[in-house]
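Here is how the chains run, residue by residue.
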Amino acid sequence: MSSSAFIVPIDHQSTTQSASGVNASELWATTPQGEKPPAVGTVRTFYNTPTNKVTAISSLGDKFASKATDAKKELVRKSVGSAVKQLKAIDGLKDVTIDASEDPQAAAVAAHLALYKFSLKTKPPSAFNPNLKEPIPEKLNFLPIQASQEWDRGVVYAKSQNFARTLMELPANLMTPTKFTERVKAEFAGLKNVEIIVRDEAWAAEKNMNVFLSVTHGTSEPAKILEIHYKGAPNKDAQPLAFVGKGITFDSGGISLKPGAGMKLMRGDMGGAATVVSAALAIAQLQLPVNLVVVTPLTENMPGPSATKPGDIVYAMNGKSVEVDNTDAEGRLVLSGTGRRLLSNSILKHVLWPDAIYYTSTEYKPHTLIDVATLTGAMCVALGEVFSGVFSTSDTLWEQLRVAGETEYDRFWRMPLEEDFGPQIYSSNADLQNTGGKDAGACTAALFLKPFAHGIEAEEGQEPALKWAHIDIAGAMEATRPTPYLETGMTGRPVRALVEYVRNLSSAK
């Protein structure tokens, strides 16, 4: 049997012959037919068709042509992804040519996402083994029948999402804060208009990032703050866009220890950092004409002898006092300066965050700041795996994110950011406490972060200097059920939506 194959998505209502030269309709008609049109992603595989090749014909579903544009994109992804999953199970196949004429970008995204499967097993050798001397080629090579910029862009989108998946999947001993920064620097090596800065704990102390540092006290792993500066705009001094990503490389819960069952999932609690650096990687590879600053505070949250204790009060970089009511709400602490149900409903990791948000918004004065975090178990309860929750002070920013998410089917749902939730986090011995109880946990977590986004308050007669959105990806971080183009495991969402948002933003200027 040949080592090459075709993938042909088929619209059952169309009589147009595939660009591959394969008459998909005639081949499909030779197989058993049901009373109803085949569902999207239904695949028929033909061997030695054409001679010495394998052809996988995959349904686009019923009435494909009548669907809206975004819906068509997702049907193409499901169709191509389903075919790839079938072909990658066939030993000996190497080169796969795809009829991507319906939507080249969507086809490229689906092919490369569907091929990805994380494993550190040694037989067969794993491409994810950090000790490899030489990279292992991917099982399948994909090419479109017709080359295009859209296909190439889709490859970048998918591979950047896969990079985020890898960062999140690697166990905590192989993805410490130091190793995270080293891996990111290696990925960005050679890209134009990029500068990477790695800060240490001494620098954070000089900046009075005390809430961030309060999370680091229980671990022996050195904390880091990673900055990526990409200057792709024609005016290198133009006001930047900013991403801030929460980087808890392992979250034990600290003194407020999480249950042991399923705790290994907390290797992915740096999903916010993983997704924003991966989005930045795609933006830099595509050389989009924007200026972008990315800040990711990185640390473990562990119950060491010097760990922060419930009831401790810390003064944040912006001068506010923060009571640590629960050390498993560290994300809010990390961000403030810079089993999914184990994710806190409010908690010490929340303290990681505010210093990073305040530092980024005051130091670099971006026009827009988007922070991304695997923040609350409450978000899993609210939205499950389907949507990422967005809290925003800007209707314009929310709409831009919504549109990008729908285009890539990496969707967002707007959540309430209301002061009515305030009493849950204001009633303590400090200005703020990092947990507001179980009720509305995702909402109180977002409200906790809001005071650290400097510039969101409008001065009289003027627009706010900063548009801010907080994206809680606690539910979207992991797929517990496979989809046509994603296996189970860490998803790398919302990388594609963030890149699409930036691409739309840059093309609108």
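The paragraphs below set out a description of the structure included in this document. Please read all numbers here as calculations on a predicted model, not as lab measurements. (Residues numbered from 1 in each chain as written. Predicted model: local features only at pLDDT ≥ 70, side-chain atom pairs only at ≥ 80, totals over all residues. Heavy atoms only, no water.)

This brings us to the overall build of the protein. Scanning the protein for helices and strands turns up 15 helices and 20 strands. For a compact globule of 509 residues, the expected C-alpha radius of gyration is about 23 Å, and the protein comes in at 23 Å, within 12% of that figure. With respect to the principal axes defined by its C-alpha atoms, the protein has extents near 75 × 55 × 45 Å. Here the protein, with 509 residues, has 59% of them falling under the buried criterion. With the model as given, the accessible surface of the protein reaches about 20100 Å², and the carbon-plus-sulfur share is 50%. Distance from the positive charge centre (51 side chains) to the negative charge centre (55 side chains) of the protein: 6 Å. (Helix = DSSP H or I, 4+ residues; strand = E, 2+ residues; numbered from the N terminus. Rg over C-alpha atoms; globule rule 2.2 N^0.38 Å. Buried < 20%, exposed > 50% of the residue type's maximum accessible area, 1.4 Å probe, protein only. Areas by Shrake-Rupley, 256 points an atom, 1.4 Å probe, with all protein chains shown as cover. Lys, Arg positive; Asp, Glu negative; His and termini not counted. Charge placed at Lys NZ, Arg CZ, Asp CG, Glu CD.)

Moving on: the nonpolar core. Formed by 94 residues in total, the largest nonpolar core has its most connected members in Ile 98, Phe 180, Phe 243 and Ile 370. Here the element with the most residues in this core is helix 8 (residues 271-286); it accounts for ten residues. Setting aside chain neighbours within four positions, we find Ile 370 in contact with Ala 242, Phe 243, Val 244, Leu 397, Leu 401, Ala 469, Ile 471, Leu 498 and Tyr 501. (Core = buried A, V, L, I, M, F, W, Y, C linked by side-chain atoms within 4.5 Å. Contact = heavy atoms within 4.5 Å.)

The next point concerns the packing of helix 3 (residues 104-115) against helix 4 (residues 149-169). A packed helix pair is summarised by two numbers, namely the angle formed by the two axes and the spacing between the axes. Between helix 3 and helix 4, the least distance of the axes is 7 Å, while the angle of their chain directions is 30°. In terms of orientation, helix 3 and helix 4 fall into the roughly parallel class. Handedness of the helix 3/helix 4 crossing: right-handed. Residues Pro 104, Gln 105, Ala 107, Ala 108, Val 109, His 112 and Leu 113 of helix 3 form the contact with helix 4, whose own contacting residues are Glu 150, Trp 151, Arg 153, Gly 154, Val 155, Tyr 157, Ala 158, Lys 159, Gln 161, Asn 162 and Arg 165. Counted by class, the contact of helix 3 with helix 4 contains nine nonpolar, five polar and four charged residues. (Axes fitted to C-alpha atoms, helices over the stretch in contact; angles between N-to-C directions. Parallel < 35°, antiparallel > 145°, perpendicular 65-115°, else oblique. Left-handed = near helix turned anticlockwise from the far one by under 90°. Nonpolar A, V, L, I, M, F, W, Y, C, P; charged D, E, K, R; others polar.)

Spatial ordering of the open sheet is given by 2-3-1-4-5, a layout of five strands whose pairing is mixed. Of all strands in the sheet, those with a lone pairing partner are strand 2 (43-47) and strand 5 (141-144), marking the two edges. Adjacent strand axes in the sheet meet at a mean angle of 20° when their direction is disregarded. Across six bridges, strand 1 (residues 4-10) lies against strand 3 (residues 54-59) in parallel orientation. (Pairing = 2+ DSSP bridges.)

This next bit is on helix 2 (residues 69-87). Under the 1.5 Å per step criterion, the end-to-end length of helix 2 is 27 Å for 19 residues, consistent within 8% with the ideal 27 Å. Of all the residues in helix 2, the buried ones are Lys 73, Glu 74, Leu 75, Val 76, Arg 77, Ser 79, Val 80, Gly 81, Ser 82, Ala 83, Val 84 and Leu 87. (Expected span 1.5 Å × (residues − 1).)

Once that is clear, we can look at the side chain of Ser 79. By secondary structure assignment, the location of Ser 79 is in helix 2. Residue class for Ser 79 comes out buried when judged on its relative accessible area of 0%. Of note is the side chain of Ser 79, whose polar atom sits 3.4 Å from the backbone oxygen of Ser 59. With near-sequence residues (within four places) excluded, Ser 79 lies in contact with Pro 9, Val 40, Gly 41, Ser 58, Ser 59 and Leu 60. (Polar contact = N/O pair within 3.5 Å; in protein donor to acceptor, adjacent residues only side chain to side chain.)

What follows concerns unusual backbone geometry. In this model, Lys 123 is joined to Pro 124 through a cis peptide bond whose omega is -5°. Note that Pro 124 resides in the loop between helix 3 and strand 5. With omega at 5°, the peptide bond leading from Arg 493 into Pro 494 counts as cis. Mapped onto the secondary structure, Pro 494 falls in the loop between strand 20 (489-490) and helix 15 (495-508). Phi at Lys 63 takes a positive value of approximately 55°, unusual for a residue other than glycine. Its place among the elements puts Lys 63 in the loop between strand 3 and helix 2. One non-glycine residue, Lys 365, lies in positive phi territory at about 45°. For Lys 365, a relative accessible area of 54% corresponds to the exposed category.

The element strand 9 (residues 247-251) is extensively covered by neighbouring structure, given that five of its five residues are classed as buried. Where strand 9 and strand 10 (residues 291-301) come together, four bridges link them in parallel fashion. The residue of strand 10 that forms the bridge with Gly 247 is Leu 298.

A full pass over the atoms with the stated rule returns 18 salt bridges. A salt bridge links Glu 408 to Arg 77; the shortest N-O distance between them is 3.9 Å. For Arg 77, a relative accessible area of 1% gives the class buried. (Salt bridge = Lys/Arg side-chain N within 4 Å of Asp/Glu carboxyl O.)

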